[in-house]
Amino acid sequence: MALMKKPLVVIITGPTAVGKTAVSIQTALAANGEIISADSMQIYRHMNIGTAKPSLEEQQGVQHHLLDFLDPAQRFTVADFQQLALEKIREIHQRKALPIVTGGTGLYIHSLLYRLDFTDVEIDSQLRRQLEDEAAAVGAEAMHQRLRLKDPSAAERIHPHNVKRVIRALEVSLHAADGIQDFSRELEINQDYDFRVFVINEERESLYDRINQRVDVMLAQGLEAEVRHLMSLGVDVQLPAMQGVGYKEMIRYIQGKIGYEDAVKMIKRNSRRYAKRQLTWFKKLPQDQWIHLNHDVSREAEVSRTVELILHQLSEPS
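My aim in this report is to walk through the structure given alongside it, one point at a time. Quick caveat, the model's predicted, so the values are computed rather than measured.

Let's shift gears to the overall build of the chain. When helices and strands are counted, the chain shows 13 helices and six strands. Taken over C-alpha atoms, the radius of gyration comes to 20 Å for the chain, in line with the 20 Å a tight globule of 318 residues would show. Each of the three principal axes of the chain carries a C-alpha extent, and together these read 60 × 45 × 35 Å. Taking all 318 residues of the chain together, the buried fraction comes to 47%. The long-range share in the chain, meaning contacts at least 24 apart out of those at least 6 apart in sequence, stands at 74%. Counting only carbon and sulfur atoms, one obtains 49% of the accessible surface of the chain, whose full area is about 16400 Å². Positive and negative side-chain charges of the chain, numbering 40 and 43 respectively, have mean locations separated by a distance of 2 Å.

Next comes the structure, spelled out in structure tokens:
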């Protein structure tokens, strides 16, 4: 008896500024696809420029999900993403369309590829507030040192300046003996779907040039005005949403703590560091196919070639 084919799910990921958005939209147009965003910042309303959120014009009529639907003050966890994304995948398949998961948040992607159960660790809102207050008082480095004493393996995996993840790891370590799970270990792969994972990458120097150029574009488009608008709305600058790269540096400039040129340099530097951490995550993805861009041709040619490669691979059996 022939085995039933598993429903197909495409995942297009890669470091920041590499061109995932354009590739995913063109792939969706060519393959009757709908896009599920796997970006932990593009979920928020009013945060468009600093997150490089695709405009309605850029979306070219392709249906997007989990994009621009939360206020910055609303809490959203990887468990929330996992639940909503799997629901959207089922709905898209029911419409006989192709789900295309696109974004660079590694933990979001892992939550789909692996059977990760997030129900074991209860959320203690009082503890989280205490940890957030402590972080505001003592700073990121001190919190990371506390995590290192409590869960050294988690501290090795989490950047000291990623306060949101440090707090989450501390929260989990105080509730669960195993701490935050190490995704480099053997985990049970989600066998419900035929996942096709494509990691778009390019030479580091070229990628860093793109990152720097993207920051310049964001500034020209009005990143400072966007941050000032969020602050005028009363959005707490300590919220995780406001601690994203581009926002936290601009906040410090607006508050008079650093100069404008220093803020720009920090945004570019922190964006490059973020890309490096993303690539570390992507190297752990199962059955991934890496597509390296050719920076000697035009951006349009790169996108077309990448889409052709993806469509060709999708036509092949897994």
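Anyway, onward from the coordinates.
All right, on to the packing of helix 1 (residues 20–31) against helix 13 (residues 299–315) then. Packed helix pairs are specified by the crossing angle of their axes together with the interaxial distance, meaning the distance between the axes. Put simply, helix 1 and helix 13 touch, their axes get as near as 9 Å, and they point 50 degrees apart. The orientation of helix 1 with respect to helix 13, classified from their angle, is oblique. By crossing handedness, the relation of helix 1 to helix 13 is classed as right-handed. Along the contact surface, helix 1 presents A22, V23, Q26, T27, A30 and A31, while helix 13 presents V303, T306, V307, I310 and L311.

With respect to the helices and strands, T51 occurs in the loop between strand 2 (33–37) and helix 2 (56–59). Overall, the relative accessible area of 9% leaves T51 in the buried class. For T51, the side chain forms a polar contact with the main-chain oxygen of N48, separated by 3.3 Å.

Within this structure, the stated rule accounts for five aromatic pairs. Ring plane angle 10 degrees and centroid distance 4.2 Å describe the contact between F81 and Y108, whose orientation is recorded as stacked. Here the residue F81 occupies a position in helix 3 (residues 78–94), and Y108 occupies one in helix 4 (residues 106–113), the gap between them amounting to 27 residues. The interplanar angle of 65 degrees and the centroid separation of 5.8 Å between the aromatic rings of Y193 and F195 together place this pair among those described as edge-to-face. Taking the relative accessible area as the measure of exposure, Y193 reaches 12% and is therefore buried.

Along the chain, A85 turns up in helix 3. Exposure remark for A85: the relative accessible area of 0% places this residue in the buried category. Along the backbone, A85 and H65 are 20 residues apart, and their C-alpha atoms lie at a distance of 8.4 Å.

Because each turn of an α-helix spans 3.6 residues, side chains separated by three or four positions end up pointing in the same direction. An ideal rise of 1.5 Å per residue puts 33 Å on 23 residues; helix 12 (residues 260–282) measures up with 33 Å between its terminal C-alpha atoms. Along helix 12, the positions that sit buried rather than exposed are A263, V264, M266, I267, K268, N270, S271, A275, Q278, L279, W281 and F282.

The rules behind these values
Residues numbered from 1 in each chain as written. Predicted model: local features only at pLDDT ≥ 70, side-chain atom pairs only at ≥ 80, totals over all residues. Heavy atoms only, no water. Helix = DSSP H or I, 4+ residues; strand = E, 2+ residues; numbered from the N terminus. Rg over C-alpha atoms; globule rule 2.2 N^0.38 Å. Buried < 20%, exposed > 50% of the residue type's maximum accessible area, 1.4 Å probe, protein only. Contact = heavy atoms within 4.5 Å. Areas by Shrake-Rupley, 256 points an atom, 1.4 Å probe, with all protein chains shown as cover. Lys, Arg positive; Asp, Glu negative; His and termini not counted. Charge placed at Lys NZ, Arg CZ, Asp CG, Glu CD. Axes fitted to C-alpha atoms, helices over the stretch in contact; angles between N-to-C directions. Parallel < 35°, antiparallel > 145°, perpendicular 65-115°, else oblique. Left-handed = near helix turned anticlockwise from the far one by under 90°. Polar contact = N/O pair within 3.5 Å; in protein donor to acceptor, adjacent residues only side chain to side chain. Phe/Tyr/Trp six-rings, centres within 6.5 Å; stacked < 30°, edge-to-face > 60°. Expected span 1.5 Å × (residues − 1).

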